[in-house]
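Residue-level listing of the chains:
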Amino acid sequence: MALVSAKEMLEKARDGKYAVGQFNINNLEWTKSILQTAEELKSPVILGVSEGAGKYMTGFKTVADMVKAMLECLNITVPVALHLDHGTYEGCYKCIEAGFSSIMFDGSHFPIAENIEKTKELVKVCKKRGLSLEAEVGAIGGEEDGVIGKGECANPDECKRIADLGVTMLAAGIGNIHGKYPANWEGLSFETLAAVKEKVGDMPLVLHGGTGIPTDMIKKAISLGVAKINVNTECQLAFQEATRKYIQEGKDLVGKGFDPRKLLAPGCEAIKATVREKSEIFGSIGKA
Ligand code: 13P
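Caption draft 1: A look at the sheet that holds strand E3 (residues 80–87). Taken in spatial order, the eight strands line up as E1-E2-E3-E4-E5-E8-E9-E10 and close into a barrel, and their pairing is parallel. Averaged over all pairs of adjacent strands, the angle between strand axes in this sheet comes to 25°, irrespective of strand direction. Summarising the sheet, strand E8 (residues 169–172) and strand E9 (residues 205–207) pair through two bridges and their orientation is parallel. Each residue of the ladder has a partner; that of Ala171, found in E9, is Val206.

Caption draft 2: Structural detail: the environment of Thr62. Locating Thr62 in the fold gives a position in helix H4 (residues 60–73). Given a relative accessible area of 37%, Thr62 falls into the partly exposed group.

Caption draft 3: Molecular detail of unusual backbone geometry. Phi at Lys17 is positive, roughly 55°, even though this residue is not glycine. Turning to its location among the elements, Lys17 is positioned in the loop between helix H1 (7–16) and strand E1 (20–24). Positioned with a positive phi, Asn75 is a non-glycine residue whose angle comes to about 50°. Following the sequence through the fold, Asn75 ends up in the loop between H4 and E3.

Caption draft 4: Examining helix H9 (residues 215–223) more closely. Taken together, the buried positions of H9 are Met217, Ile218, Ala221 and Ile222. Down the axis of H9, the sector holding all buried residues measures 140°, keeping them to one side. Where H9 is buried, its residues meet helix H8 (190–200), E9, strand E10 (226–231) and helix H12 (265–282). Where H9 terminates, the next one or two residues include Gly225, which has phi positive at roughly 110°.

Quick notes on the rules
Residues numbered from 1 in each chain as written. Predicted model: local features only at pLDDT ≥ 70, side-chain atom pairs only at ≥ 80, totals over all residues. Heavy atoms only, no water. Pairing = 2+ DSSP bridges. Helix = DSSP H or I, 4+ residues; strand = E, 2+ residues; numbered from the N terminus. Axes fitted to C-alpha atoms, helices over the stretch in contact; angles between N-to-C directions. Buried < 20%, exposed > 50% of the residue type's maximum accessible area, 1.4 Å probe, protein only. Arc of directions from axis to C-beta. Contact = heavy atoms within 4.5 Å.

In structure tokens, the structure reads:
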């Protein structure tokens, strides 16, 4: 199956009260592991690419071409969207040109008028090309790829102004944080989420920072309109732990030398397990 926009899968998720997982990719092995698991689970999936990861993989064109070739070579039949995560305005255009099927413009650090202006331009381009567009209001906390957010709660009126521009989905800050959550984290602000939902109606909502949010909060967020949940850190931690264990046991020293097929295999299995576990919590299994 060719890449698809995230629009249809997210509208189905919103109506069916489950969420589609966005799992971020960093290299060939991660991408393959996530795609194979989504296929095994018969779950739609969104592959997230940060600008830093895109650069690491030599550019967005390499990423888009690699993912498209994998869909064909792995016989992937479930819907897959290739999505820019926290894009700059310039990065969005690069991904559109490179063949991504979905874009996130993170204008949350701009004054709202500028966020609106830039989002409005991107709505036009994405509509013309049949791509889905995610916008953000109220910065997500923590640090990701050098982008530092304060973890604000979004202003519901500003969310409505951005939603009314015709974006496909909206990431509204509700106290969520990328990476590990601090011990004194106050939890998600369901009050903010409900107020945003009230203003934006049917717009599928996006929850960033999906690694450390307890399952009961995730389920409640889904019941309040969240249809896409982003996971990055959990795959990284799982990969790291599995690789560390493999090396500590000295297994990397068996054989002729560095063999990525052996050294990276435990990490790939750990990513697969993470995708299975998260998809179960999000309720996306069997929804392809
Ligand atoms: P985590 O760091 O919690 O995995 O969140 C990832 C994310 O939201 C990417 O946009």
